[in-house]
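# Observations on the three-dimensional arrangement
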Amino acid sequence: MTWISRLPLLRYRTLPIQEATTTRVSVPRVMLLIGFASCSLTVVAQQSAPKPTPAFYATQFKPWLPESGELNMFGISLAVLGDLDNDGLPELAIGDAGEAFGWEKADRRGTVLVYSIGAKRFLMEASRDHDGFEFGRALSAVPDVDGDGLPDLLVGGLAWIPGGCHAAWLLSGKSLETIRVHEDSSTDSRFGECVLGVPDVDGDGRGDYLIGNPGCPHANVREGCISMYSGRTGTVLWSVRGREPLDGFGFSSARYQDFDHDGKCDVLVGISRGWAEHDGPPGYVRILSGATGAVLSSFEGPPKERDFGSAVADIGDVDGDGKDEILAGSPNWSRQAGKTAWVCSGATFETMRSAADCIDRCGVGPGDDVFGTIVAGLSDLDGDGVRDWALGDNTGDDLGASVTAFSGRTGQVLWQIRMPPISGNLGACIVGLPDINGDGIDDVAVGCATGLGLVESCRVLLLNGHTGRVLREVCKPTPAERAALRR
């Protein structure tokens, strides 16, 4: 077994190292030919109103395959925090769930760094000196818990050594000091795989938060569970389990509008049936009451879409009926269907459009079987008054990893950025940013965590939300830079 075949959940294949080549082709709908070896990235922009100028972006590095198989997961997760340095822009929390401590799971450790978007520098970091603990695998901002007026940070981490505790850490968004820790050492647990901060749901004036455990054992099955915690006290407010064995309930979640009109934020939870190795029904999405955990509604994906619900997002009201639509990712983990994401009506839950169909119409191909693994609801990027959305294909197989932005109103592709195979997991996470370049349109941050030892390709890209152009690269800090943060 080669070191590449040992990657968990991700599929790669080695490619010959060649000289980097890039060709720009003048065709109405596509501009994309990339050399495989160097870290080049192309932006494809749709030629329809509004008409952003197609942009090309490239950097050079030397790919290397380390003998020890070092892990580099800088950019695996992102969260937008408050303005800590008073420069008028929020800060960005960046997860690095697997610093380069070797391939063996017992050697893996993680770090969370806070980056100032305005000052263009790292402000602080937090790490946990526990071998085999992927601290920073999942991140979410939480509305102010400790009363300092700033959002705080929820960090999920998985333990990869026998007897290790999976955990979720609530940290101060101002200092990264630990407020509290929740742990779970149950067999087959994946506690902390999914974390989500939500506005106050228990009426105590502080933000609250969800922690998902898709591998939660119960009656010798893994239907999974998700729990809401009080931000003020850390006590469990409610817990909900999946309805079938191997549901993996709690793998994905997102904030949703006030669906039941009780004045509290509600929650989307996606349930992918791709965990099971046998044929079965499609995945489904539940809408839970933020206040009580009651199931307000539930709907399944199209037939054979067993991976439907692998990721979920609220994308706003795109059809003007007063209900926010739901974006559900459906990658092809189960090898039956998928390789897409579905926009579902917030009123009827019927599927309105498929991302794969939208891409086919513009001639820009998706990536490989995990297209739809990452989904994100964004603000209005094209100026038509309707929120837009994006998908990530973060494996880099065949065509290479990509991020694609879509019009919420029409489903048309606004832009796509892509990297060549094995150069990085572009789109490992996607978050919306405020306008950082002054063009009046909110912008976007995407993570590019390689997991392959390609240290120089680990980065976070800050993108122009309107055109997809790269505004800035945030690269993995050097050991010297990290040492300075600790002083």
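Residues numbered from 1 in each chain as written. Predicted model: local features only at pLDDT ≥ 70, side-chain atom pairs only at ≥ 80, totals over all residues. Heavy atoms only, no water.

This next bit is on the overall build of the protein. Counting its secondary structure elements, the protein contains 2 helices and 30 strands. Of all 487 residues assigned to the protein, the portion counted as buried reaches 60%. Taking contacts inside the protein between residues at least 6 apart in sequence as the whole, the part at least 24 apart equals 54%. Within the structure as shown, the protein displays about 18,200 Å² of accessible surface, and the carbon and sulfur contribution to it stands at 51%. (Helix = DSSP H or I, 4+ residues; strand = E, 2+ residues; numbered from the N terminus. Buried < 20%, exposed > 50% of the residue type's maximum accessible area, 1.4 Å probe, protein only. Contact = heavy atoms within 4.5 Å. Areas by Shrake-Rupley, 256 points an atom, 1.4 Å probe, with all protein chains shown as cover.)

Applying the stated criterion across every chain yields a total of 9 aromatic pairs. On the basis of an interplanar angle of 70° and a centroid distance of 6.4 Å, the ring pair of Phe-74 and Phe-122 is categorised as edge-to-face. Residue Phe-74 is located in strand E3 (residues 74-80), and its partner Phe-122 is located in strand E6 (residues 121-127); the two are separated by 48 residues in the primary sequence. Like Phe-122, Phe-74 is buried. One aromatic cluster in this structure is built from Tyr-256, Phe-259, Phe-299, Phe-308 and Phe-349. Seen from the ring of Phe-259, Lys-323 lies directly overhead, with NZ or CZ sitting 5.4 Å from the centre. (Phe/Tyr/Trp six-rings, centres within 6.5 Å; stacked < 30°, edge-to-face > 60°. Lys NZ or Arg CZ within 6 Å of the ring centre and 35° of its normal.)

According to the stated counting rule, one finds 8 salt bridges in the structure shown. Across the salt bridge formed by Asp-96 and Lys-476, the nearest N and O atoms sit 2.7 Å from each other. Here Lys-476 lies in the loop between strand E30 (470-475) and helix H2 (479-486) and Asp-96 lies in strand E4 (residues 91-96), a separation of 380 residues in the sequence. For the pair Asp-96 and Lys-476, a shared accessibility class is recorded, and that class is buried. Where salt bridges share partners, they join Asp-96, Glu-125, Lys-476 and Arg-482 into one cluster. (Salt bridge = Lys/Arg side-chain N within 4 Å of Asp/Glu carboxyl O.)

For Gln-416, the position within the fold is in strand E26 (residues 413-418). Among the polar contacts listed, one links the side chain of Gln-416 to the side chain of Thr-404, at a separation of 2.8 Å. (Polar contact = N/O pair within 3.5 Å; in protein donor to acceptor, adjacent residues only side chain to side chain.)

Judged by nonpolar contacts, the single largest core of 21 residues is most densely connected at Leu-381, Trp-415, Leu-426, Ile-430, Val-444, Val-446 and Leu-463. Elements represented by at least two residues in this core include exactly strand E23 (374-377), strand E25 (402-406), E26, strand E27 (426-433), strand E28 (443-448) and strand E29 (459-463). Setting aside residues no more than four positions away along its own chain, Val-446 makes contact with Leu-78, Val-403, Ile-417, Leu-426, Cys-429, Ile-430, Arg-459, Val-460, Leu-461 and Leu-463. (Core = buried A, V, L, I, M, F, W, Y, C linked by side-chain atoms within 4.5 Å.)

What follows is about the sheet that holds E3. The strand order across the open sheet built from 4 strands is E3-E4-E5-E6, with neighbouring strands paired in antiparallel fashion. Since the sheet does not close on itself, it has two edges, and those belong to E3 and E6, each with one partner. The mean inter-strand angle of the sheet, taken between neighbouring strand axes irrespective of direction, is 25°. Relative to E6, strand E5 (residues 111-116) runs antiparallel, the two sharing 6 bridges. Within the sheet, the bridge partner assigned to Ser-116 lies in E6 and is Arg-121. (Pairing = 2+ DSSP bridges. Axes fitted to C-alpha atoms, helices over the stretch in contact; angles between N-to-C directions.)

The next subject is the sheet that holds strand E18 (residues 295-300). The sheet built from 4 strands is open, its strands ordered E15-E16-E17-E18 with antiparallel pairing. The outermost strands of the open sheet, each flanked by one partner alone, are strand E15 (252-256) and E18. The sheet shows a mean angle of 20° between the axes of neighbouring strands, taken without regard to direction. Strand direction decides the pairing type here: strand E16 (residues 266-271) and strand E17 (residues 284-288), joined by 5 bridges, are antiparallel. Its bridge partner lying in E17, Gly-270 is registered against Val-285.

To continue, consider the side chain of Ser-310. Along the chain, the position of Ser-310 falls in the loop between E18 and strand E19 (311-316). Within polar-contact distance, the side chain of Ser-310 engages the side chain of Ser-272 at 3.4 Å.

This part covers the confidence of the model for the protein. Here the protein averages 77 in pLDDT, and 69% of its residues register 70 or above. Within the protein, the element-level pLDDT minimum falls on strand E2 (residues 56-58), averaging 35, and the maximum on strand E7 (residues 138-142), averaging 95. Confidence over residues 46-70 falls short of pLDDT 50; this stretch has 72 contacts with residues more than four positions distant or in other chains. In the predicted structure, residues 100-107 sits below a pLDDT of 50 and forms 25 contacts with residues beyond four places in sequence or in another chain. (pLDDT = per-residue confidence, 0-100.)

To continue, consider the environment of Gly-377. Mapped onto the elements, Gly-377 comes out in strand E23. Considering only alpha carbons, one finds Gly-377 and Ile-315, 62 residues apart in sequence, at a separation of 4.4 Å. If near-sequence neighbours (up to four positions away) are discounted, Gly-377 is found in contact with Ala-313, Asp-314, Ile-315, Arg-387, Asp-388 and Trp-389.

For Ser-345, the location among the structural elements is in the loop between strand E21 (340-344) and strand E22 (351-354). Taking the relative accessible area as the measure of exposure, Ser-345 reaches 6% and is therefore buried. Apart from the residues within four sequence positions on either side, Ser-345 is in contact with Asp-321, Glu-325, Glu-350 and Met-352. At 3.1 Å, the side chain of Ser-345 and the backbone nitrogen of Thr-348 are in polar contact.

Another point: unusual backbone geometry. Phi at Lys-120 is positive, roughly 60°, even though this residue is not glycine. Its location among the elements puts Lys-120 in the loop between E5 and E6. Residue class for Lys-120 comes out exposed when judged on its relative accessible area of 57%.

We now examine the environment of Val-195. With respect to the secondary-structure elements, Val-195 resides in strand E11 (residues 194-198). Spatially, the C-alpha atoms of Val-195 and Asn-213 are 9.4 Å apart, while their sequence positions differ by 18 residues. If near-sequence neighbours (up to four positions away) are discounted, Val-195 is found in contact with Ala-138, Leu-139, Ser-140, Leu-154, Gly-156, Ala-168 and Leu-210.

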